[in-house]
Amino acid sequence: MIPFVRGRSRSLEPAQAIDEIARLSASGYREIVLSGINLGTYGRDLTPRVELMTLRRILDETRIERLRISSIEPMDVTGELIALFAASDRMAQHFHMPLQSGCDRVLAAMHRCTARSIRRRVELIRHDCRTRGLARM
């Protein structure tokens with residue numbers, strides 16, 4: 001029900017986000033937290049379409065010391081995203097994934113992925129962290 005009341009997701013143009021982050025960094029801000037509702041769908045509403053991996057551009061085009069993303073759905077945590085986190089000491093080394101329930105029946109009623117698929121995402125993160133010699137995420 002909430003998505004219908006809230007309306008469609010709206011993404012900030014990458015250039016606008018990068019300019020704002022650069023301005024904040026130049027003003028002394030050391031950490032930026034990118035937040036929103038369903039960050040994994042970032043850019044799907046833009047023309048041309050972009051994706052969450054715009055994070056790489058932010059790191060390349062700004063001097064912000066730390067970039068953190070807020071809540072991200074488990075199915076949007078990809079190997080590519082994990083690799084970006086692992087490759088940069090400027091990315092906050094954590095994933096905040098909302099888990100409304102561990103019960104598949106409840107998750108299905110909420111139109112969410114299964115507990116098993118969530119567990120696989122967490123295992124993917126842990127495996128990649130171990131293989132890259134990172135601290136636990």
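Rules behind the numbers
- Residues numbered from 1 in each chain as written.
- Predicted model: local features only at pLDDT ≥ 70, side-chain atom pairs only at ≥ 80, totals over all residues.
- Heavy atoms only, no water.
- Buried < 20%, exposed > 50% of the residue type's maximum accessible area, 1.4 Å probe, protein only.
- Helix = DSSP H or I, 4+ residues; strand = E, 2+ residues; numbered from the N terminus.
- Arc of directions from axis to C-beta.
- Salt bridge = Lys/Arg side-chain N within 4 Å of Asp/Glu carboxyl O.

Draft legend 1. Representation of helix H4 (residues 79–87) in the model. Taken as a whole, H4 has its buried residues at Leu81, Ile82, Leu84 and Phe85. Burial along H4 is one-sided: seen end-on, the buried residues are contained in an arc of 155°.

Draft legend 2. Main features of the pattern of salt bridges. Here the structure, examined in full by the defined rule, presents 6 salt bridges. In this structure, the salt-bridge partner of Arg30 is Glu65, at a minimum N-O distance of 3.1 Å. Taken together, the residues Arg30 in the loop between helix H2 (14–26) and strand E1 (31–34) and Glu65 in the loop between helix H3 (55–61) and strand E2 (66–69) connect sequence positions 35 residues apart. Among the salt bridges present, the one from Glu80 reaches Arg56, with a minimum N-O distance of 3.8 Å. With Glu80 in helix H4 and Arg56 in helix H3, this residue pair connects regions lying 24 residues apart in the sequence. Judged by relative accessible area, which is 42%, Glu80 ranks as partly exposed.

Draft legend 3. Region of the structure containing unusual backbone geometry. Cis peptide bonds are those with omega within 30 degrees of zero, and the linkage from Thr47 to Pro48 qualifies with -5°. Turning to its location among the elements, Pro48 is positioned in the loop between E1 and H3. A positive phi is found at Asn38, a non-glycine position, where the angle reads about 60°. In this fold, Asn38 is placed in the loop between E1 and H3. With a relative accessible area of 31%, Asn38 lands in the partly exposed category.

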